[in-house]
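# An overview of the molecular structure
One letter stands for each residue in the lines below.
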Amino acid sequence: MEIEITINGRKRRFDVEPNKLLLNLVRDELYLTGTKYGCGIGECGACTVHLDGEAVLACMVLAVDADGRSVTTIEGVADGDKLDPVQEAYIEEGAIQCGFCTPGFIMSTKALLKENSDPSEGEIREYLKGNYCRCTGYVNIIKAVQSAAKKMQG
Amino acid sequence: MSFPNMLYGRVLKSPHAHARIKAMDVSGAEAMGAVTLTPEEVPDVTYCPRLVSIPSATYKDWKVLTDKPHYVGEAIGAVAAESEEEAQKALEAIEVDYEVLGASFDALESMKPGAEPIHDEIYLEDDLLKVENNVGCQLEITEGDPKALEDADVVIERTYRTNRRYHNQLETKSVMVRPEADGGISVWSTTQTIHNTRLLLHDIYGIPMGKIRVYKVALGGSFGSSIHVNPVVNVAVGLALKSRRPVKLSYTREEDIRDHCAYQMIFKLKLGAYKNGKLAGGRLEAYLDIGAHQIQAYPLLGCVVGWWVSLYKLPYKDYVGKAVYTNKVPSCAFRGYGNPQISWVVETMMDELAGKIGVDPLDFRLNNYIGEGDIFWGQGPSVKSIIQSCGVEEILTRGAEMVDWYNRPNPEEQTGRYRRGWGVGRGYHTSSAGAPVPSSIVDFGGAMLKMNEDGTFDYVSALMDHGCGTQDAHIKIVAEELCVTADMVNIIRADTGTTVYDVCTHASRGVYSGGGAALKVAMKVKEKIRDFAGKILDAYPHAVRIRYDEEREQAVVFAEGIEGREVTYREIAETARHKNWGTAAAVESYRQPSCPPHFTGYFVEVEVDTWTGKVKLLRVVAGADIGTVINPMLAAGQVHGGFAQGWSMTVLEDLPYDPDDGDLVNRGSVANYKVPTTMDMLDLDDLTVFFADTYEPTGPFGAKGIGEGALNPVAGTVANAIQNALGVRFFQLPITPIRILEALREKEG
Ligand code: FES
Ligand code: FES
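Since the model is a prediction, treat every value here as computed from it, not as a measurement.

## A look at the overall build of chain B
- From N to C terminus, chain B includes 17 helices and 30 strands.
- Relative to a compact globule of 749 residues, whose C-alpha radius of gyration would be 27 Å, chain B shows 27 Å and is just as compact.
- The 749 residues of chain B split such that 64% are buried.
- Residue pairs at least 24 apart in sequence account for 80% of intrachain contacts in chain B once pairs closer than 6 positions are excluded.
- When the accessible surface of chain B is totalled, it reaches about 26,400 Å², and 48% of it is carbon and sulfur.
- Chain B carries 75 positive and 100 negative side-chain charges, and their two centres are separated by 1 Å.

Written as C-alpha cells, this is what we have:
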C-alpha cells in the first residue's frame, strides 16, 4: 500500500504491507530508534509517539492508519541542538536512569502539558500511568513534569 | 542498530519443559533461503555464562544449543533470514521430533527420591560430576557453640517461600554480531560486562581474544540480568560465523520473560534470643530454586549465608544451602543477589522475636546489628573484612523520630475496614566484592586517563553504566582529583580492545570499586602533571599546588607565594608536546581492599482495606548510609527505584508455572505480570529520603555504593507494616489481596 506520512515535519512516502506497525516503520525504515519497543502489546508506553499531536502507542497503530497524517517522534522534539523544555526538565531532575522509557515519557508529558498546562500531581500520575519505568520509582519523573510545566508557563 | 547486508536471527525454542530431541529437520527452512543452526553445528562446549567467580567455584551445564532442553524456552536451534518475518516463517518450517521426559517445577519436589533427574552430569572446572537428587551444588557452614541456641529463652522456627520475579528491564535481550574479514567478530549486546562476554565467546568459539571486539552500548535496564552473557549472544555469534553476514537478534517481550528471572528461595529459619534482648544464634536451611541451569549458583549459596550472618550478631550460626534444579527458566542475579529474599525473612522474624521477648522491634535491632568494627562476611565466607563506617544507628533513630515510631498503632486495637500500620526494616549491601586477600570472586577494574593538549582529559573505562549514574560519578571523582570541572573530563566510547579488564557492573561496585580505579588513575596523571609543571616552573614537583581558575577555564599549577610561578594545564600539555616529554597519561588496575556495606533503613506506613485485601502506601521514610554522597539527586533516585522494586516484590510480582505443560501461567504476557505504575506509588510529599553523615575511609572521597541496599530491606519493612495493621504475619511472597483476605478469615472468621 502506498502511504504518505509527515514525519517530524518532513513528508515521506512509503510502500508498506497492510499489517506493518507504525513502530516498525519508524524504527526499521526511518532509523528513528528513539522510539522504543518494550512489549508490543500496549502495556509499557515505550513506543509513544504523536499522531496529529496526540500521544499514541506506535505498537498499536498500523502504518496505513497514519496515511496522510503527521507523526512526531522523540527525534522531532528538540529544536536543532536546543532541547525542548520537557527534555531539559527530565535531565535536570534526574528523571533518567537507564533512559529506555524516557522517550515515551517525554512524548506523553508533552501531550499532557498541551492539554493541561498546570496539572496537579494526581493528574500527572493519572496521565502517565500507561508509561512504565522500572528504574526510577517515578519520583523524579513526576518532579520533571512539574518543573517542565513551570518552565513552559514562563 | 543495523548494518548493511544484515540478517535477522530468531531462536528455535523448546515447547517442552524436559525432552530429548530425536530428530530435527531444517530442510524446509533452508528451502526458504534461511541460514539455519542446529546443536551439531555449534562447538560442543559445556560452559557457565557467568564468569564473576574463579573456575573452581563455577559449575558448568550450558550449551549454546542443546539437544536435551530442560525448560520451556531453551534454545535448540536458530535461523537467520533477510527480515524478521522471514526468519519467523523459516523457524516455523523446522520440524523437530521430541521424546518428552518427566519434569519438576518445585525445588522441594525435585529433591525427592524418584524425581526425574534433570542433569545427569555437569562440570566443575574440567571435572565431570554426577548430580544427585537434582542438587546442583551445596554449601554448609557452622560457627560458634550450638549450646548458645539451646540456651535461648525464646526460639522461633518457620518456613518461608519467596516469589519468582522477572526483571522486566525495559530493553529485551538483544545482540548484533558482525563477522570480520580477519576471522574475528565484533559484538554489540545487552551486557553488564564487555570483558566477560569476550572471555566466554573465546572459550566457546576459540576465536583469539584480540579478534573479538565487544563494544559498550547503552543498556535499557538490567538489574543483574546481564551479568551473565545472555543466551542470544552465543546463538547470534554461531549464526554470524556460519552465514558470514552481520546478524541482529532481539528477543520479543514474550521470549524475554522466558529467558531469565530472579531466584525463588525456600528458607527454613530458626532464631533464638535471650530475655535480655540479645540474639543467641540461628540455623538456616536455604533451598534455591535455580531453574534448569546454573548461573553461578554456588557463590550465591555463599552470599545467602553472608547476607544472613552480617545483618545481626549471632554467637552461633549453622547453615545448609542447596541449589536445586527444576525444569524452569534459569534464575540469575536480580538487584540484591538473594539479599532482598533473606532480608525479608530475617526482618520478619526479628519483629516476631522482639514481640515474643517483649522488646520494641526497633530497639531489638539496635541491640543486635552488626556495625563499625565488626567482621563483615558481605559476599560470603570467602570475602571477609572489617566494617569501617556505619550509619545504622543514625538511620534508625532519626527515622524513628520522624515517624514518631514509639507511638505507632497497636494491631489488636484496630477493628474497622481500613487499618493502618507502621513497619521498620533495615538492611545493607556490599559495595563491590573487594577484600584484603583474594577470594573466589573476581573483583577488580581498571581505567585509562590522558591529558589532552588543551588541558582537558579523556577517560576510558570498560565499566558499564546502566543508568545508575556510575559514569557520572567517575567523572566527578576524576575532576575533583585534578581540580577541573566535570565537563573537562570526556568519556570515550570504548570496547574490549581499547580498555583494560573490568569484571562487571554489579554488586553495587560501580562507584566504590570502579570509582577507586578512576581515582587511582587520576592520582597517577596528577603526579605526571606535577612533574611537568615542576620542570616548567623550576619548582619541586611535590611542592606545587593546583587550583581551578574560573576566568581562564583552566586548572593552574603554582608555586605558592612566589609570584608569576604558575602555569595552566593547557600550557603544560603544550610544552610537554613541544619538548617531546610525552603525554600525561596513565592506565591502572585496581582492586578494593574491602567491600564496605552501605546501610539502609526504611519506615513504611500502609493502609490495608480488609474488604478487598488491598494494601496502600501512605508514607515512607528512607535513610541511607552511603558514605560521602557524590551526587545526591542520583543517589536519591536509586532509593526511589529500589523502593518501588521492593514494594512490588512484596505485594505484586510472581511468575507461577502451569505444571501441565511447564510453561508460565501468564503465557509470557507482561499484561499479566504486575509491576507498579505511577498510580501505585506514593505522592511526593509522603516520601522522605535522608542520608546518614558518614565517611568510608577505603572509598573514593569517602563514598560507598547504593544500588542494591536501596531495595534489600523493603519487603521486610512492608511485611512488618502489614503485620502492624492486621496482626497477621505472612510467610509467603507476594502478599496478595487473596492471601490477606484468607489470613483475615482465618484470624477473625
Ligand atoms: S511497545 Fe508499545 S506499549 Fe510497549
Ligand atoms: S529509566 Fe530505566 S526504565 Fe525508566
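## Some thoughts on the domain arrangement of chain A
Residues and elements named next belong to chain A.
- If you check the domain split of chain A, you get domain 1 (2-76) and domain 2 (85-153).
- When each unit is reduced to the centre of its C-alpha atoms, the spacing between domain 1 and domain 2 is 21 Å.
- In total, domain 1 and domain 2 occlude about 1,100 Å² of area from one another, counting both sides; carbon and sulfur atoms represent 63% of this.
- When the area that domain 1 buries against domain 2 is broken down by residue, the three leading residues are Lys 36, His 50 and Ile 74, summing to 42%.
- At the surface where domain 1 touches domain 2, the tally comes to five residue pairs in polar contact (both at pLDDT 80 or more).
- Broken down by element, the residue count for the side of domain 1 that touches domain 2 peaks at three residues, all from strand E3 (residues 48-51).
- Residue composition of the side of domain 1 that touches domain 2, by class: six nonpolar, seven polar and two charged.

## Considerations on the environment of Ala 78 of chain A
Residues and elements named next belong to chain A.
- Mapping Ala 78 onto the fold places it in the loop between strand E5 (70-72) and helix H2 (85-92).
- Residues Ala 78 and Thr 35 lie 43 residues apart in sequence; the distance between their C-alpha atoms is 14 Å.
- What Ala 78 contacts, discounting residues up to four positions off in sequence, is Leu 83, Asp 84 and Gln 87.

## Concerning the side chain of Asn 368 of chain B
Residue and element names in this part refer to chain B.
- Of note, Asn 368 is situated in helix H10 (residues 361-368).
- Residue Asn 368 is classed as buried on the basis of its relative accessible area of 2%.
- Polar side-chain contacts of Asn 368 include one of 2.9 Å to the backbone oxygen of Gly 277.
- Side-chain polar atoms of Asn 368 contact the backbone oxygen of Phe 364, separated by 2.9 Å.
- Discounting chain neighbours no more than four positions away, the residues touching Asn 368 are Gly 277, Lys 278, Leu 279, Leu 311, Tyr 312 and Lys 313.

## Concerning the interface of chain B and chain A
- Each partner contributes to the interface: chain B provides 40 residues, whereas chain A provides 32 residues.
- Both faces considered, chain B and chain A share a buried interface measuring about 3,000 Å² in area, 59% of it formed by carbon and sulfur atoms.
- For the chain B face of the interface with chain A, the top three residues by lost area are Leu 170, Thr 678 and Leu 684 of chain B, together amounting to 26%.
- Scanning the region where chain B abuts chain A turns up two salt bridges.
- Between Arg 134 of chain A and Glu 653 of chain B there is a salt bridge whose closest N-O contact spans 2.9 Å.
- Elements supplying a minimum of two residues to the side of chain B that touches chain A: helix H7 (253-256) and helix H15 (632-651) of chain B.

## Things to note about the confidence of the model for chain B
- Looking at chain B, the pLDDT average stands at 94 and 99% of residues meet or exceed 70.
- Predicted complex metrics record ipTM = 0.96 and pTM = 0.95.

## Side note on the packing of H2 of chain A against helix H5 (residues 139-153) of chain A
All names here are of chain A.
- Interaxial distance between H2 and H5 falls to 8 Å at its minimum, and their mutual angle equals 140°. Considering the angle they form, H2 stands oblique to H5. Crossing handedness for the pair H2 and H5: right-handed. Listed contacts from H5 to Pro 85, Val 86, Glu 88, Ala 89, Tyr 90 and Glu 92 of H2 are Ile 141, Ala 144, Val 145, Ser 147, Ala 148, Lys 151 and Met 152.
- When grouped by side-chain class, the residues that make up the contact of H2 with H5 number nine nonpolar, one polar and three charged.

## A look at a nonpolar patch on the surface
- On the surface, a cluster of nonpolar side chains totalling about 230 Å² of accessible area is made up of Leu 83, Ile 91 and Ile 96 of chain A.
- Within the fold, Ile 91 of chain A resides in helix H2.

## Concerning the sheet that holds strand E11 (residues 174-179) of chain B
Residue and element names in this part refer to chain B.
- Read across the sheet, seven strands follow the order E3-E5-E1-E14-E11-E12-E13 without closing on themselves; strand pairing throughout is mixed. A single partner strand is all that each edge strand has here, and the edge strands are strand E3 (35-37) and strand E13 (212-215). Pairwise comparison of adjacent strand axes, ignoring direction, gives a mean angle of 20° for this sheet.
- Pairing analysis gives two bridges linking strand E1 (residues 7-13) to strand E14 (residues 247-250), with the strands arranged parallel.

## Focus: unusual backbone geometry
Residues and elements named next belong to chain B.
- In this structure, Pro 734 follows Leu 733 across a cis peptide bond, with omega equal to -5°.
- Topologically, Pro 734 is positioned in the loop between helix H16 (714-726) and helix H17 (737-748).
- Look at Tyr 337: it is not a glycine, yet its phi comes out positive at around 45°.
- In this fold, Tyr 337 is placed in the loop between strand E17 (316-325) and helix H9 (339-357).

## With respect to the pairing of strand E30 (residues 687-691) of chain B
Residues and elements named next belong to chain B.
- Pairing of strand E29 (residues 615-625) with E30 involves five bridges; the strand directions are parallel. Within the sheet, the bridge partner assigned to Ala 624 lies in E30 and is Phe 691.
- Regarding topology, H15 serves as the crossover connection from E29 to the parallel E30, and that connection is right-handed.

## Digging into the pattern of salt bridges
All names here are of chain B.
- Throughout the structure, instances matching the rule amount to 52 salt bridges over all chains.
- Lys 63 is paired through a salt bridge with Asp 44; the nearest N and O atoms lie 3.2 Å apart. Here the residue Lys 63 occupies a position in the loop between strand E4 (59-60) and strand E5 (75-81), and Asp 44 occupies one in the loop between E3 and E4, the gap between them amounting to 19 residues.
- On the basis of relative accessible area, Lys 63 is assigned to the partly exposed category, the value being 28%.
- In this structure, Arg 164 and Asp 289 form a salt bridge, with 3.5 Å as the shortest nitrogen-oxygen distance. Taken as a pair, Arg 164 in the loop between strand E10 (154-161) and E11 and Asp 289 in strand E16 (residues 279-291) lie far apart in primary sequence, 125 residues in all.

## Details of the nonpolar core
All names here are of chain B.
- By size, the foremost hydrophobic cluster in this structure holds 205 residues, and its most contacted members are Trp 308 and Phe 603.
- Here Trp 308 is in contact with Leu 269, Leu 271, Gly 282, Arg 283, Leu 284, Leu 314, Lys 317, Asp 318, Tyr 319, Ile 342 and Val 346, once residues within four sequence places are set aside.
- In terms of nonpolar packing, the next biggest core, distinct from the first, is built from 40 residues, Met 451, Ile 477, Val 511 and Ala 559 among them.

## Some points on the packing of aromatic side chains
Residue and element names in this part refer to chain B.
- Counted according to the given criterion, the structure contains 17 aromatic pairs over all chains.
- Ring geometry for Phe 376 versus Tyr 428: centroids 5.4 Å apart, planes at 75°, classification edge-to-face. A residue pair is termed long-range when its members are at least 10 positions apart, and Phe 376 in strand E18 (residues 375-376) and Tyr 428 in strand E20 (residues 418-430) qualify at 52 residues. The pair Phe 376 / Tyr 428 is uniform in exposure class, with both members buried.
- In textbook terms, an aromatic cluster arises when at least three aromatic residues are bridged by ring pairs, as seen for Trp 307, Phe 376, Tyr 428 and Phe 599.
- Taking the ring centre of Phe 3 as reference, the NZ or CZ of Arg 178 above it sits at 4.7 Å.
- Directly above the aromatic system of Phe 558 lies the positively charged group of Arg 547, at a separation of 5.1 Å from the ring centroid.

What counts, and where the lines are drawn
- Residues numbered from 1 in each chain as written.
- Chains lettered and ligands numbered in written order.
- Predicted model: local features only at pLDDT ≥ 70, side-chain atom pairs only at ≥ 80, totals over all residues.
- Heavy atoms only, no water.
- Helix = DSSP H or I, 4+ residues; strand = E, 2+ residues; numbered from the N terminus.
- Rg over C-alpha atoms; globule rule 2.2 N^0.38 Å.
- Buried < 20%, exposed > 50% of the residue type's maximum accessible area, 1.4 Å probe, protein only.
- Contact = heavy atoms within 4.5 Å.
- Areas by Shrake-Rupley, 256 points an atom, 1.4 Å probe, with all protein chains shown as cover.
- Lys, Arg positive; Asp, Glu negative; His and termini not counted.
- Charge placed at Lys NZ, Arg CZ, Asp CG, Glu CD.
- Domains from an automatic or database assignment.
- Buried area = accessible area lost by both parts, 1.4 Å probe.
- Polar contact = N/O pair within 3.5 Å; in protein donor to acceptor, adjacent residues only side chain to side chain.
- Nonpolar A, V, L, I, M, F, W, Y, C, P; charged D, E, K, R; others polar.
- Salt bridge = Lys/Arg side-chain N within 4 Å of Asp/Glu carboxyl O.
- pLDDT = per-residue confidence, 0-100.
- Axes fitted to C-alpha atoms, helices over the stretch in contact; angles between N-to-C directions.
- Parallel < 35°, antiparallel > 145°, perpendicular 65-115°, else oblique.
- Left-handed = near helix turned anticlockwise from the far one by under 90°.
- Patch = residues over 30% accessible without salt bridge, like charges linked within 9 Å, V, L, I, M, F, W, Y side chains within 5 Å.
- Pairing = 2+ DSSP bridges.
- Right-handed = clockwise from strand over helix to strand, strands pointing away.
- Core = buried A, V, L, I, M, F, W, Y, C linked by side-chain atoms within 4.5 Å.
- Phe/Tyr/Trp six-rings, centres within 6.5 Å; stacked < 30°, edge-to-face > 60°.
- Lys NZ or Arg CZ within 6 Å of the ring centre and 35° of its normal.

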